[in-house]
Amino acid sequence: MKRKDLLKYLDKNGCKFLREGKKHTVYINRKKLKSTTIPRHREINDFLAKKICKDLEIPAPK
């Protein structure tokens, strides 16, 4: 999955950008008070995308 597609999916499901780190972007789900990091790679494998969604407590992308 492309990184930009994952970020759009997170925004659509109520997760918001929190801050930039050196090698990662941090997103937060304010309703559930959960956060996770997203690496700055062009491609993010499906396993990692599912884990990111699980960390934020949103449904996994199809």
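This structure is a prediction, so every number in the text was calculated from the model and none was measured. For every chain, the first residue of its written sequence is number 1, and the numbers climb from 1 along that sequence. Under the rules for a predicted model, residues below a pLDDT of 70 receive no local features and side-chain atom pairs below 80 are neither given nor counted, while totals for whole chains, interfaces and linings still include all residues. As a convention, hydrogens and water are excluded, and side-chain values are obtained from all of the structure's heavy atoms.

**Q** Help me out: how do you make sense of the packing of aromatic side chains in this one?
**A** Two aromatic rings, taken as a pair, are described by how far apart their centres are and by the angle between their planes. Between 30 and 60 degrees the pair is tilted, below 30 it is stacked and above 60 it is edge-to-face, where a pair is any two Phe, Tyr or Trp rings, Trp via its six-membered ring, whose centres lie within 6.5 Å. Taken as a whole and judged by the stated rule, the model has 1 aromatic pair. Ring geometry for Phe17 against Tyr27: centres 6.2 Å apart, planes inclined by 80°, an arrangement best described as edge-to-face. Of this pair, Phe17 sits in strand S1 (residues 15-20) while Tyr27 sits in strand S2 (residues 24-29); the two residues are 10 residues apart in sequence, bridging distant segments of the chain. When its relative accessible area of 42% is taken as the criterion, Phe17 is described as partly exposed. The cut-offs for exposure are 20% and 50% of the maximum accessible area for each residue type, with area from a 1.4 Å probe on protein chains only; residues under the lower value are buried, those over the upper are exposed, and the others partly exposed. Taking relative accessible area as the criterion, Tyr27 reaches 5% and is therefore assigned buried. Numbering of helices and strands runs from the N terminus, with a helix taken as a DSSP run of H or I at least four residues long and a strand as a DSSP run of E at least two residues long.

**Q** What should I look at first to understand the environment of Cys15 in this one?
**A** Structurally, Cys15 can be placed in strand S1. Along the backbone, Cys15 and Ser35 are 20 residues apart, and their C-alpha atoms lie at a distance of 8.9 Å.

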